[in-house]
Amino acid sequence: MNGNFTLILFYSLGKCFTKAGFVKEGYLRAVWENSDGTLFDTVLYAAILRDWQAQTITPSKIYDVPY
């Protein structure tokens, strides 16, 4: 497989993280390199302690930035 791709595993992990109260905070393109030289993307998730304690989710403001 050549070029950039997102591992299917990330979709499953993302679903688990979301169910556990984590919020998608970022997306890094072509940051991890396999031994064969292909690159793949990764997604960053985070949980805030006060959200965890209050059993709430503060939405990420990543999409509020117009650029």
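About the cut-offs
Residues numbered from 1 in each chain as written. Predicted model: local features only at pLDDT ≥ 70, side-chain atom pairs only at ≥ 80, totals over all residues. Heavy atoms only, no water. Phe/Tyr/Trp six-rings, centres within 6.5 Å; stacked < 30°, edge-to-face > 60°. Helix = DSSP H or I, 4+ residues; strand = E, 2+ residues; numbered from the N terminus. Buried < 20%, exposed > 50% of the residue type's maximum accessible area, 1.4 Å probe, protein only.

Caption draft 1: The packing of aromatic side chains, seen in detail. By the definition in use, this model includes two aromatic pairs. Geometrically, the ring pair formed by F17 and Y45 is tilted, given 5.3 Å between the ring centres and 50° between the ring planes. Of this pair, F17 sits in helix α1 (residues 8-19) while Y45 sits in strand β3 (residues 39-46), and the two are 28 residues apart along the sequence. According to the relative accessible area criterion, F17 is partly exposed, its value standing at 33%. Members of the aromatic cluster, each reached through a chain of ring pairs, are F17, F22 and Y45.

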